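Observations on the three-dimensional arrangement
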Amino acid sequence: MSIDYTRDGHIATITINRPETRNSLDMEHFRDLAHAWAAFRDDAGAWVAVITGVGQDFCTGADLKKFIPELTGDLPQPEGWNKDDAIHAVLHRFPVYKPIVAAVNGTCVAGGFEMLSSTDIRVAVPAARFAVMEPKRGLFAGGGSTVRLPRQMPYPLAMELLLTADMVDAERALAMGLINRVVPPERLMDTAYDYAGRIAANALLAVLATKQSAVEGLALDLESAYDNETRHSDRVFETQDAKEGPRAFAEKRPPRWQGR
């Protein structure tokens, strides 16, 4: 049982490896997932992350059999636990401006769904299922879903997910615009890494500024968002990579990005 962080070149992989609990998370593993995201954020060599699970589930949120007793003091809390670990693990109030690709290998509900809504590109297998499950348990999806979904999807579709708490299959999720692609299981990771590789081939500073501008713009009025975009644009055009890109194009060769 673990949260695994590895890196191959500029692509990091975070794997939720708790198949015996359907990749649900107790305090220890919320903590470790939060630490994995921090490692990705702070790893200068990691430009893109792929998040996935082991087995037939992507992530099914909190391990209620352990997490609630730990939270209420009925079970001891793990060493190093911080009260913000659970929300940081699902990328709530924990901004990561590097691109994140989700490889959804199975069920994605509750906290797993909330984490999914913080990723940028989402690939799923046909057997994947998606739901905001909390209302069916008398709980509240407080990891960002009520904020993100109406900004990412047509309002009626977002509210269908949020209010019914019904499970939707991969094809329905694709039609709703929740995910990018549905692929056979044997192609899931290759497809996710293909997306990650195509992103990592671009200039890092331009990619980071692009994501940051897009995310920040969601919280701003139109004119403020344009002003914010201009600030990011000006910063990118001052970089060495902004000179290298057009030069490489003119010389018909691959660019040599310097990250400055």
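Relevant structure appears above.
All of these numbers come straight from a predicted model, not from anything done at the bench.

On to the nonpolar core. If you look at the biggest cluster of nonpolar residues, it comprises 65 residues, and the most contacted ones within it are Leu33, Trp37, Ile51 and Phe130. Residue contributions to this core peak at 7 residues, all from helix α1 (residues 27-42).

In total, this model carries 13 salt bridges according to the counting rule given. The salt bridge partner of Asp63 is Arg18, with a shortest N-O separation of 3.7 Å. Taken as a pair, Asp63 in the loop between β4 (57-59) and α2 (64-72) and Arg18 in the loop between β2 (11-17) and α1 lie far apart in primary sequence, 45 residues in all. For Asp63, a relative accessible area of 10% gives the class buried. Between Asp194 and Arg198 there is a salt bridge, with its nearest N and O atoms 2.8 Å apart.

What follows covers the sheet that holds strand β10 (residues 181-182). Taking strand neighbours across the sheet as the criterion, the 6 strands line up as β1-β2-β3-β5-β7-β10 in an open arrangement whose pairing is mixed. Edge positions in the sheet fall to β1 (2-8) and β10, since each of these pairs with one other strand and no more. Bridging between strand β7 (residues 121-124) and β10 involves 2 bridges; their strand directions are parallel. Considered in β10, the bridge of Ala124 is made with Val182. Where α1 meets the sheet, it contacts β1, β2, β3 (48-53) and β5 (100-104), and its direction lies at approximately 15° from that of β1.

Turning our attention to the environment of Ala158. With respect to the element layout, Ala158 can be found in helix α6 (residues 155-164). C-alpha separation for the pair Ala158 and Thr146, spaced 12 residues apart in sequence, amounts to 8.5 Å. With sequence-adjacent residues up to four places away left out, Ala158 is seen in contact with Leu149, Pro150 and Met153.

Moving on, we get to the packing of aromatic side chains. All told, the structure shown has 1 aromatic pair when counted by the stated rule. With a centroid separation of 6.4 Å and 65° between ring planes, the pair formed by Trp37 and Phe40 is classed as edge-to-face. Of the two residues, Trp37 and Phe40 both sit in helix α1, 3 residues apart, roughly one turn of that helix. With respect to class, Trp37 is no different from Phe40; both count as buried. In this arrangement the basic side chain of Lys98 is found over the ring face of Phe40, its NZ or CZ atom lying 5.1 Å from the centre.

So, about the sheet that holds strand β6 (residues 107-109). Pairing within the open sheet is mixed, and its 4 strands lie in the order β4-β6-β8-β9. The sheet terminates laterally at β4 and β9 (168-169), the two strands that pair on one side only. When β6 meets strand β8 (residues 129-131), the two strands line up parallel, connected through 2 bridges. By the bridge assignment, Val109 is partnered in β8 with Ala131.

About the cut-offs
Residues numbered from 1 in each chain as written. Predicted model: local features only at pLDDT ≥ 70, side-chain atom pairs only at ≥ 80, totals over all residues. Heavy atoms only, no water. Core = buried A, V, L, I, M, F, W, Y, C linked by side-chain atoms within 4.5 Å. Buried < 20%, exposed > 50% of the residue type's maximum accessible area, 1.4 Å probe, protein only. Helix = DSSP H or I, 4+ residues; strand = E, 2+ residues; numbered from the N terminus. Salt bridge = Lys/Arg side-chain N within 4 Å of Asp/Glu carboxyl O. Pairing = 2+ DSSP bridges. Contact = heavy atoms within 4.5 Å. Axes fitted to C-alpha atoms, helices over the stretch in contact; angles between N-to-C directions. Phe/Tyr/Trp six-rings, centres within 6.5 Å; stacked < 30°, edge-to-face > 60°. Lys NZ or Arg CZ within 6 Å of the ring centre and 35° of its normal.

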